[in-house]
Amino acid sequence: MTQADTQVTATNAGGETVLDAFIVGCGVSGIEALHRLRSAGFDAIAVDAADGVGGTWHWNRYPGARLDSESYSYGYFFSEELRNGWDWSEHFCGQPENERYFNYVVDALDLRPFMKLGTAVTSAHWDPDGGTWLVTTADGDRYRTRFLITGIGILSDPKYPNIPGRERFSGAVAHTARWPKGGLDLKDKRVAVIGTGSSGVQTIAAIGPIVGSLTVFQRSPNWCPPLNNEPITPLEMAEIKGQYEAIWTKTRTTRGGFIHGPITASALSFSPEERRHWYETLYGRRGFARLYTNFIEVIRTKELNAEFSEFLAEKIRARVEDPEVAKKLIPVDHGFGQRRPPYETGYYEVYNQPNVELVDTTETPLAEITENGIRTTEREFEFDVIIYATGFNSVTGAFERIDIRGRDGASLGDSWRQGPNTVAGLGTYGFPNLLMLGGPQAMGGNIPRCIEHQALFLDSLMRHMRDNGLSRIEPTQAACDEWTAHVAEVVSMTLYAETKSGWFWNAVEGATGHSFGIYPAGVVEYGRRLREIEANGYQGFVLS
Ligand code: NA7
């Protein structure tokens, strides 16, 4: 694989490194952006606080961390050589293999020389005089860049529960999204897990069989269909390689960007028994088939949603021996698909172990963390290890960690106080030459497939600007408002709006706005809209 000739990175008289593009993040988005921009001849670098590449797959190294997009639909498709040079060992690969994959990509594309790892970006201020961004990093380095490109994710800033005494606990502590690289010894230990989202569900299923005792603090149960993961044999992998073009096409033509196609027939054209039979079939399928190969009415109408949810509730009751525990594990405040479903492997069976206890924190809230464990409003528990599987300051958290200041000196965090307001998640008013990949109001479904659309858009936009002597781009306020209204309209067509879902909604502390954090129309529609924006001369943006 060859790189196009790149310009040589220069330093100005002020000691600032001068760049065309500064990319924040070396995860799924940052890697693709860096590859595309360098291949197009732009002087671009990518910087990450992590000391390794892979973003999500660098940080989230908790036991059981695993894909729930099929691995071969998650990796990069843009290079035949790249995809054929890698063998996936499972349909849904675990974190170590995913991290190895991103390292493979970075080396195969020869990107490492243009990456700086282990260095947090602390600030990025727009300088109206030069029409550039001044970026500073934690090690004191300064960069003068024409474009600031973020690839920092909407689920990357770990959130801890607001419980007093966290610092007092004398045992071992880990957040699933900041799991220690050397691992944590959990064998025969008394372990607490707080949180039962995707990370909690995967962690609990993985550690249940090895710990001494496990206490799960659950605030909201989720609907968790089985992942149905299996190894990929060498023969199957050879077959997958032969089908990559077709798989790619499928991810570009199915709503969520997964390999799971829709059934177009209306649920109502089948009898309840026929639907039940289909639900059983789906239960045996893999990953997101339960959402994307289901009847569309399941996420659009309360009746069908309740029917499928009850089907899943029956499965939980059949798998969990104690009816009281089963009852606690069945969501009552939302139906299947209204929140992001975790996918499980042996999760429910963990609750049949005699050394596992489920504590419902809506009945007995967490009161404080003590030196020896956790005290709820009812009693005190002693632990050797506390695991926080409490998710992220979602959607805008990662953007607020960096002091990003735009045209009038206002911070991005303040501008988004009422929720993010963007054109297709790509740019936001008041922040010229800030282009976002994998950011708010854009994603939904199989994340790398959304990013792929954005990276293509970025690639052609940057070439277009260079070819036409343009150096500045900024969306209009009206276009941002229009996109936010469009996102809200799409949301109103689903049942998402009826549920408070931590990672769909903007999580800015004290926010009163109700901007939706992702784009629930799906990857295909998102890609179509990006192409439309481009075809209409970057509609919604002012280029000069
Ligand atoms: P999630 O899905 O945000 O889950 C966080 C979990 O932590 C969820 O069950 C929360 O309950 C729970 N939580 C958060 N704060 C508390 C407090 N204070 N007390 C009790 N429980 C709490 O994050 P994940 O890391 O699991 O998954 C994030 C994404 O990563 C996922 O969607 C995939 O795309 C991969 P709540 O539901 O808010 O009541």
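Since the structure is predicted, the reported quantities are computational estimates derived from the model, not experimental observations.

Trainee: Go over the overall build of the protein chain with me, naming the residues and quoting the values.
Mentor: In terms of regular secondary structure, the protein chain is built from 19 helices and 19 strands. Counting only residues that meet the buried cut, the protein chain has 56% of its 544 residues in that class. For the protein chain, contacts bridging at least 24 residues in sequence account for 72% of all contacts bridging at least 6. Positive and negative charge centroids in the protein chain, built from 52 and 68 side chains respectively, lie 0 Å apart.

Trainee: Can you break down the pairing of strand β10 (residues 213–218) residue by residue, with the values?
Mentor: The buried count for β10 comes to five of six residues, which makes it a mostly enclosed element. Strand direction decides the pairing type here: strand β9 (residues 190–194) and β10, joined by five bridges, are parallel. Among the inter-strand pairings, R190 is bridged to a residue of β10, identified as S213. Where β10 lies against strand β11 (residues 356–360), five bridges are found, and the strand directions are parallel. When the sheet's bridge partners are listed, L214 is paired in β11 with V356.

Trainee: Could you give an account of the site of the ligand, naming the residues involved and the relevant values?
Mentor: Around the ligand, the surrounding shell holds 18 residues, and the nearest of these are T196, S199, R219, S220 and R339. Residue G197 places a main-chain N or O atom 3.3 Å away from an oxygen atom belonging to the ligand. Between S199 and the ligand, the recorded distance is 2.6 Å, taken from a side-chain N or O atom to an oxygen atom. Here the ligand has 790 Å² of accessible area as a free molecule, and 82% of this is covered by the chains. Of the residues assigned to the shell around the ligand, the class counts are seven nonpolar, eight polar and three charged.

Trainee: Lay out the environment of Y74 with the relevant residues and their values.
Mentor: Here Y74 is to be found in helix α3 (residues 71–74). Note on Y74: relative accessible area 10%, which makes it buried. In this structure the C-alpha to C-alpha distance between Y74 and T150, which are 76 residues apart in sequence, comes to 20 Å. Setting aside anything within four residues of it in sequence, one finds Y74 in contact with V28, W57, L67, S69, F102, N446, P448 and R449.

Trainee: Please set out the domain arrangement of the protein chain residue by residue, giving values where relevant.
Mentor: Parsing the protein chain into structural domains produces domain 1 (20–49 + 118–157 + 396–543) and domain 2 (158–223 + 337–391). The C-alpha centroid of domain 2 is placed 33 Å from the C-alpha centroid of domain 1.

Trainee: Account for the sheet that holds β11, naming residues and giving values.
Mentor: Here we have five strands laid out as an open sheet, ordered β8-β15-β9-β10-β11, and parallel in their pairing. A strand with exactly one partner marks an edge of an open sheet, and here the two such strands are β8 (172–175) and β11. Strand after strand, the sheet turns through a mean of 15° between neighbouring axes, direction not considered.

Trainee: Before we move on, can you summarise the packing of helix α1 (residues 28–39) against helix α17 (residues 447–467) with the specific residues and values?
Mentor: One way to put it is that α1 packs onto α17 with a least axis distance of 10 Å and a crossing angle of 30°. The angle between α1 and α17 places the two elements in the roughly parallel class. The interaxial crossing formed by α1 with α17 has right-handed handedness. Together, V28, S29, E32, A33, R36 and L37 of α1 and P448, I451, E452, A455, L456, L458, D459 and M462 of α17 make up the contact between the two elements. The residue inventory of the contact of α1 with α17, partitioned by class, reads nine nonpolar, one polar and four charged.

Trainee: Can you tell me about the sheet that holds strand β14 (residues 380–382), naming the residues and giving the values?
Mentor: What the three strands build is an open sheet, ordered β12-β13-β14; its pairing is antiparallel. Of all strands in the sheet, those with a lone pairing partner are β12 (366–369) and β14, marking the two edges. Between one strand axis and the next, the sheet turns by 20° as a mean value, whatever way the strands run.

Trainee: Would you mind going over the packing of aromatic side chains in detail, with residue names and values included?
Mentor: Applying the stated rule across the entire model yields 36 aromatic pairs. Aromatic pair W57 and Y74: ring centres 6.2 Å apart, planes at 85°, arrangement edge-to-face. In this pair, W57 sits in helix α2 (residues 56–59) while Y74 sits in helix α3, placing the two residues 17 residues apart along the sequence. Here the aromatic rings of Y279 and F308 are separated by 4.8 Å at their centres, their planes lie at 70°, and the arrangement is edge-to-face. Taken together, the residues Y279 in helix α9 (residues 272–283) and F308 in helix α12 (residues 302–319) connect sequence positions 29 residues apart. Neither residue differs from the other here; Y279 and F308 are each classed as buried. Each residue in the set Y76, F78, W86, W88, Y101, F102 and Y104 is aromatic and connected to the rest through ring pairs, giving one cluster. A cation sits over an aromatic face here: R178 above W59, 3.8 Å from the ring centre. A cation over a ring is seen here: R379 above F381, with NZ or CZ 3.9 Å from the ring centre.

Trainee: Account for unusual backbone geometry, with residues named and values stated.
Mentor: The backbone of D110 shows a phi angle near 55°, a positive value even though the residue is not glycine. Mapped onto the elements of the fold, D110 is located in the loop between α5 (95–108) and β4 (115–117). D110 gets classed as partly exposed once you look at its relative accessible area, which sits at 42%. In the Ramachandran plot, A424 falls in the positive-phi region, its phi being about 50° despite a non-glycine side chain. Its place among the elements puts A424 in the loop between α16 (412–415) and β17 (434–436). In this structure A424 comes out as buried when scored by relative accessible area, which is 0%.

Trainee: Tell me what's going on with empty space enclosed by the protein, and back it up with residues and numbers.
Mentor: One pass over the full model with this rule turns up three cavities of 30 Å³ or more. Each pocket or cavity is described by its volume, and for the largest cavity that value is around 40 Å³. Lining of the largest cavity is provided by S71, Y72, G75, Y76, R83, W86, W88, Y101 and Y244. Considering only residue class, the lining of the largest cavity consists of six nonpolar, two polar and one charged.

Trainee: Go over the layout of surface pockets, please, and point to the residues and values.
Mentor: By volume, the second largest pocket amounts to about 330 Å³. Considering the residues around the second largest pocket, the lining is formed by 17 residues, among which Y72, H91, Q243, I259 and R286 are closest to the centre. Contributing elements (two or more residues each) for the lining of the second largest pocket: α7 (234–242) and α8 (244–253). Looking at side-chain class alone, the lining of the second largest pocket contains six nonpolar, five polar and six charged residues.

Trainee: Could you give an account of α5, with specific residues and numbers?
Mentor: Over its 14 residues, α5 runs 20 Å from end to end, which matches the ideal 20 Å to within 8%, given 1.5 Å per residue. Residues of α5 that are buried include every one of Q95, E97, N98, E99, Y101, F102, Y104, V105 and V106, and no others. In this fold, the buried residues of α5 make contact with α1, α2, α3, α4 (80–84) and β4. The first or second residue beyond α5 is D110, which carries a positive phi of 55°.

Cut-offs and rules
- Residue positions are counted from 1 within each chain, in the order its sequence is given.
- Note on the predicted model: pLDDT of at least 70 is required for a residue's local features to be given, and 80 or more for side-chain atom pairs to be given and counted; whole-chain, interface and lining totals, by contrast, use all residues.
- To get the side-chain values, all heavy atoms of the structure are used, and hydrogens and water are removed first.
- Think of it this way: any DSSP run of H or I at least four residues long counts as a helix, any run of E at least two long counts as a strand, and we number them from the N terminus.
- With a 1.4 Å probe rolled over the protein chains alone, any residue whose accessible area is under 20% of its type maximum counts as buried; one over 50% counts as exposed, and the rest are partly exposed.
- Two residues form a contact once any of their heavy atoms are found within 4.5 Å.
- The positive count covers Lys and Arg only, the negative count covers Asp and Glu only, and His and the chain ends enter neither.
- To locate a charge, take atom NZ for lysine, CZ for arginine, CG for aspartate or CD for glutamate.
- For two strands to be treated as a pair, DSSP must find no fewer than two bridges joining them.
- Whether a residue is near a molecule or strand depends on its heavy atoms: if one lies within 4 Å, it is near.
- We define a polar contact as two N or O atoms separated by no more than 3.5 Å, with the added condition that, inside protein, one atom must be a possible hydrogen donor and the other a possible acceptor, whereas residues neighbouring each other in sequence contribute only through side-chain atom pairs.
- Calculation of accessible area relied on Shrake-Rupley with a 1.4 Å probe; when residues are assessed, cover is drawn exclusively from the protein chains displayed.
- Any residue that is not Ala, Val, Leu, Ile, Met, Phe, Trp, Tyr, Cys, Pro, Asp, Glu, Lys or Arg is counted as polar, Gly included; the first ten are nonpolar and the last four charged.
- Marked domain ranges trace back to an automatic or database domain assignment.
- The axes used here are C-alpha line fits, helices contributing only the stretch in contact, and every angle between their N-to-C directions lies in the interval 0 to 180 degrees.
- For this classification, under 35 degrees means roughly parallel, over 145 means roughly antiparallel, 65 to 115 means roughly perpendicular, and everything else is oblique.
- Working rule for handedness: look at the near helix, and if it is turned counterclockwise from the far one by less than a right angle, call the crossing left-handed; if clockwise, right-handed.
- Here a Phe, Tyr or Trp ring, Trp counted by its six-membered ring, pairs with any other such ring whose centre lies within 6.5 Å, and the pair is stacked when the planes are under 30 degrees apart, edge-to-face when over 60, and tilted otherwise.
- Charge-over-ring placement is defined geometrically: NZ (Lys) or CZ (Arg) within 6 Å of the ring centre, and within 35 degrees of the ring normal.
- In this analysis the probe radius is 1.4 Å and the grid spacing 1 Å, with only protein atoms considered; a cavity is a set of points the probe fits into but cannot get out of, a pocket is an open set with protein on both sides within 12 Å along at least five of seven lines, and lining residues have an atom within 4 Å of a point.
- Grid points are joined across faces, edges and corners, and a volume is the space filled by probe spheres set on the points.
- Helix span, expected: 1.5 Å multiplied by one less than the number of residues in the helix.

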